[in-house]
Amino acid sequence: MAPNAGGSWPLLGHLHLLGGPLPAHLVLARMADKYGPIFTISLGLRKAMVVNAWAVAKECLTTNDPALATRPKSILSNHRIGLLREVRESEVLSSVRHIDEEYQRTNTSSTRASRTEGALPLLVNMTRWFWDIIVNIMFRTIVERRLHGDETLRLYPAAPLSVPHEAIKDCNISGYFVPKGTQLMLNLYKIHRDPRVWPERFLTTHKDVDVRGQNFEFIPFGSGRRMCPGISMAVQVVGLTLASFLYAFNVQMPGDKAVDMEEAIGLTNIKATPLEVLITSRVPEHIYYE
């Protein structure tokens, strides 16, 4: 098997390291600097292979995809996601309208006739706003049965550690024997930040790289037969939400400080502190009610 990472405890394995103050993907990224692009950790009594390089990830998700294909079956499909178009659009419009109403209440005492000149800005918690939209869309889904976004997905993928695969039979990866039952974890955080692949920002050197699993240096939704089935919905919702928000409002930071991008511990990639911005309206009010 791939080299075993140090620091394992009896029975617990490396779980004590992954449950510390740092997010697991950052812990594994530091371990990759020491043990290389592919190494083995113990999750209790089970072995897991951690991949931190795009070339190894490609081998896992192409040549060895049949052997590493175990994943719970999802109820989502591209067809069903396509049927949710009206849900997505209505929820985004409703959310932008709600912010505009809050903006109007903030400026009710103003005697200015213009909505866009001299009005008081409104402080918006962007983290909460995006979360509310996602929850509303998913709730309605259950009940009713691109470049700047790519840069964000590269640096801060929603799941910096991919959903684990499991070997359903023995296989060989990069010269290492992988026995049946071994789990596979792709550290997307490390793969997406390889300086040999990403010497500059996304927009300058990799503008033609696609998000849909064909370019293995950039796989925020995975690749192969167990690729995330929600990719179409995610890409469309993020694009629609950002475009609608930036069309409706001028945005600025409350102060001169840079945005704090420190990450918190969780199953998904979340900011340790909420993102708050000041907004002022830039479109006529009637646009939300036609």
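Within any chain, residue numbers begin from 1 and follow the written order of that chain's sequence. Reporting of local features is limited, given that this is a predicted model, to residues whose pLDDT is at least 70; pairs of side-chain atoms are given and counted only at 80 or more, and all residues count toward the totals for whole chains, interfaces and linings. Water and hydrogen atoms play no part in the side-chain values, which are based on all heavy atoms of the structure.

To continue, consider the packing of aromatic side chains. Aromatic rings from Phe, Tyr and Trp, with only the six-membered ring used for Trp, were paired whenever their centres fell within 6.5 Å, and each pair was classed as stacked if the ring planes differed by under 30 degrees, edge-to-face if by over 60, and tilted otherwise. Inspection of every chain in the model, using the stated rule, returns three aromatic pairs. Consider the rings of Tyr35 and Phe39, whose centres lie 6.1 Å apart with planes at 50°: the pair is tilted. Burial status follows relative accessibility: with a 1.4 Å probe on protein chains alone, a residue under 20% of its type maximum counts as buried, one over 50% as exposed, and anything between as partly exposed. The class of Tyr35 is partly exposed, set by a relative accessible area of 25%. Measuring from ring centre to ring centre gives 5.4 Å for Phe245 and Phe249, while their planes differ by 50°; the resulting arrangement is tilted. Residue classification places Phe245 among the buried residues on the basis of a relative accessible area of 2%. The rule is short: NZ of Lys or CZ of Arg within 6 Å of the ring centre and within 35 degrees of the ring normal puts a charge over the ring. Across from the ring centre of Tyr156, 5.2 Å away, lies the NZ or CZ of Arg193, which sits over that ring.

Right, let's get into the sheet that holds strand β11 (residues 276–281). Strand pairing is defined by DSSP finding a minimum of two bridges between the two strands. Each helix is a run of H or I in the DSSP string that is no shorter than four residues. Each strand is a run of E no shorter than two, and both are numbered from the N terminus. Strand order in this open sheet of three strands is β3-β11-β8, and the pairing throughout is antiparallel. Edge positions in the sheet fall to β3 (122–125) and β8 (249–252), since each has one partner strand and no second. For this sheet the average axis-to-axis angle between neighbouring strands, irrespective of direction, equals 40°. Note that β3 and β11 share four bridges and pair antiparallel. Bridging from a neighbouring strand, Asn125 pairs with Glu276 of β11. Against the sheet, helix α10 (residues 231–248) makes contact with β8 and β11, and its axis sits at roughly 95° relative to β8, the strand it touches most. Lines fitted to C-alpha atoms define the axes, with helix axes restricted to the stretch in contact, and inter-axis angles between N-to-C directions lie between 0 and 180 degrees. Note on contacts: a residue pair qualifies if any of its non-hydrogen atoms lie within 4.5 Å across the two residues.

This brings us to helix α2 (residues 24–35). In this analysis, the expected span of each helix is defined as 1.5 Å times one less than the number of residues it contains. Compared with an ideal rise of 1.5 Å per residue, which puts twelve residues at 16 Å, α2 spans 16 Å between its outermost C-alpha atoms and is within 8% of the ideal. Looking one or two places after α2, you find Gly36, whose phi comes out positive at around 105°.

Within the UniProt annotation, "binding site: heme" (unreviewed entry) is assigned to Cys228. Assignment of secondary structure puts Cys228 in the loop between α9 (202–205) and α10. UniProt positions are given in the numbering used here, feature names are shortened, and annotations may be inferred rather than shown by experiment.

So, on to the sheet that holds strand β7 (residues 183–186). The sheet built from four strands is open, its strands ordered β1-β2-β7-β4 with mixed pairing. Here the strands that pair on one side only, and so sit at the sheet edges, are β1 (38–43) and β4 (165–166). Here β4 runs beside β7; their pairing, made up of two bridges, is antiparallel. Note that in β7 the partner of His165 across the bridge is Leu184. Strand contacts of α2: β1, β2 (46–51) and β7, with the helix running at about 130° to β1, the strand carrying the most contacts.

On to the side chain of Thr40. Inspection of the secondary structure assignment puts Thr40 in strand β1. On the accessibility criterion, Thr40 (0% relative accessible area) is buried. Not counting residues up to four positions away in its chain, the partners in contact with Thr40 are Met1, Ala2, Pro3, Asn4, Ala5, His14, Lys47, Ala48 and Met49.

With that settled, the discussion passes to the pattern of salt bridges. Here, a salt bridge means any Lys or Arg side-chain nitrogen found within 4 Å of an Asp or Glu carboxyl oxygen. Tallying each qualifying case throughout the model produces five salt bridges. Residue Arg46 is joined to Glu166 by a salt bridge in which the shortest nitrogen-to-oxygen separation is 3.2 Å. By relative accessible area, which is 39% here, Arg46 ends up partly exposed. One salt bridge connects Glu151 with Arg154, and the closest N-O pair in it is separated by 3.4 Å. Here Glu151 pairs with Arg154, and both are found in helix α7 (residues 147–155), just three residues apart, close to one helical turn.

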